[in-house]
Amino acid sequence: MTTRAGLVAVDHVQLAAPPGSEDALRAFYTGALGMTEIPKPPMLAARGGCWFAAGPVQLHLGIEQDFRPAKKAHPGLRVTGIEAYAARLESHGVEVTRDDGLPGHRRFYAHDPVGNRLEFLEPDA
């Protein structure tokens, strides 16, 4: 019997952040987005940054000394109840930019406190 090799899932998405931004990231990703901080392995924790999860979705924020947020690159995060989720972010002071350019989906964009672009989308019913 042979084992087939191939991709099966995205394990996590890594975003960059500037040194010293962990407290702002924690407030955003746990407070505004409702994610849970997960512990980094001790060897990696020494590098700074923080990791977050919501169900099977993981976002890792790694420290980059010469950090500059990407203008176009972003993770696409599938949500349920997109309008309620947008309202949740807005209630935390996050600017939400709606975009109807993807057929069959409702979506919006937001930025984390260090400027990382995030896309939130939900397929139409």
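For the structure itself, consult the block above.
One numbering rule holds for all chains: residues counted from 1, following each sequence as written. Note on the predicted model: pLDDT of at least 70 is required for a residue's local features to be given, and 80 or more for side-chain atom pairs to be given and counted; whole-chain, interface and lining totals, by contrast, use all residues. Each side-chain value is worked out from all heavy atoms of the structure, with water and hydrogens disregarded.

Now for the pattern of salt bridges. Salt bridges are defined as contacts in which a side-chain nitrogen from Lys or Arg sits within 4 Å of a carboxyl oxygen from Asp or Glu. Using the criterion set out here, one finds nine salt bridges in the structure. Of the charged contacts in the structure, one is a salt bridge between Asp 99 and Arg 107, with a shortest N-O distance of 3.4 Å. For Asp 99, a relative accessible area of 26% translates into the label partly exposed. Residue exposure (1.4 Å probe, protein chains only): buried if accessible area is under 20% of the type maximum, exposed if over 50%, otherwise partly exposed. Using a relative accessible area of 14% as the deciding quantity, one classes Arg 107 as buried. The salt bridge partner of Arg 106 is Asp 124, with a shortest N-O separation of 3.7 Å. Taken together, the residues Arg 106 in strand E7 (residues 105–111) and Asp 124 in the segment after strand E8 (117–123) connect sequence positions 18 residues apart. Starting at the N terminus, helices and strands are each numbered in turn, a helix being any DSSP run of H or I of at least four residues and a strand any DSSP run of E of at least two.

Moving on, we get to helix H3 (residues 82–91). For H3, the set of buried residues is Ile 82, Tyr 85, Ala 86 and Leu 89. Each buried residue of H3 lies within a common arc of 100° when the element is viewed along its axis, so the set occupies one face. Exposed side chains of H3 directed beyond 90 degrees from the buried face belong to Ala 84 and Ser 91. Between two residues, a contact is recorded if the distance between any of their heavy atoms is within 4.5 Å. Looking at the buried side of H3, the elements it contacts are helix H1 (22–32), strand E6 (97–99), E7 and E8. Backbone geometry just downstream of H3 places Gly 93 in the positive-phi region, at approximately 85°. Think of it as the arc spanned by the lines of direction from the helix axis to the C-beta atoms.

What follows is about the packing of aromatic side chains. Stacked, tilted and edge-to-face are the three classes assigned to paired rings of Phe, Tyr and Trp, where Trp is represented by its six-membered ring and a pair needs centres within 6.5 Å; plane angles under 30 degrees give stacked, over 60 edge-to-face, the rest tilted. Counted according to the given criterion, the structure contains four aromatic pairs. Note on Phe 28 and Tyr 29: the rings are 4.9 Å apart at their centroids and 85° apart in plane angle, and the pair reads as edge-to-face. You can call Phe 28 buried: its relative accessible area is 7%. Judged by its relative accessible area of 0%, Tyr 29 falls in the buried class. Taking the centre distance of 4.9 Å and the plane angle of 20° together, the rings of Phe 108 and Phe 120 count as stacked. Taken together, the positions of Phe 108 in strand E7 and Phe 120 in strand E8 put the pair twelve residues apart, joining distant regions of the chain. Of the two residues examined, Phe 108 and Phe 120, each falls in the buried class.

Our next topic: the nonpolar core. The tendency in soluble globular proteins is for nonpolar side chains to be buried as a group. Grouping buried Ala, Val, Leu, Ile, Met, Phe, Trp, Tyr and Cys residues that are joined through side-chain atoms within 4.5 Å yields what is termed a nonpolar core. If you look at the biggest cluster of nonpolar residues, it comprises 26 residues, and the most contacted ones within it are Tyr 29, Leu 33, Leu 61, Leu 89, Phe 108 and Phe 120. Of all the secondary structure elements, the ones that give two or more residues to this core are strand E1 (13–17), H1, strand E3 (50–54), strand E4 (57–63), H3, E7 and E8. Each residue touching Phe 120, except ones within four places of it in the same chain, is listed here: Leu 33, Leu 77, Val 79, Ile 82, Tyr 85, Leu 89, Arg 106, Arg 107, Phe 108 and Ala 110.

Here His 60 lies in strand E4. Classification of His 60 as buried rests on a relative accessible area of 4%.

On to the sheet that holds E4, then. When DSSP finds at least two bridges between two strands, those strands are taken to pair. Read across the sheet, four strands follow the order E1-E4-E3-E2 without closing on themselves; strand pairing throughout is mixed. With one partner strand each, in any of the chains shown, E1 and strand E2 (36–38) form the two edges of the open sheet. Strand-to-strand twist of the sheet, defined as the mean angle between neighbouring strand axes without regard to direction, takes the value 30°. In the sheet, E3 pairs with E4 via five bridges, with the strands oriented antiparallel. In the sheet register, Trp 51 faces E4, and the bridge partner there is His 60. To get an axis, fit a line to the C-alpha atoms, keeping to the stretch in contact for a helix; angles then go from 0 to 180 degrees between the N-to-C directions. Across the sheet, H1 is in contact with E1, E2, E3 and E4; its angle to E3 comes to roughly 0°.

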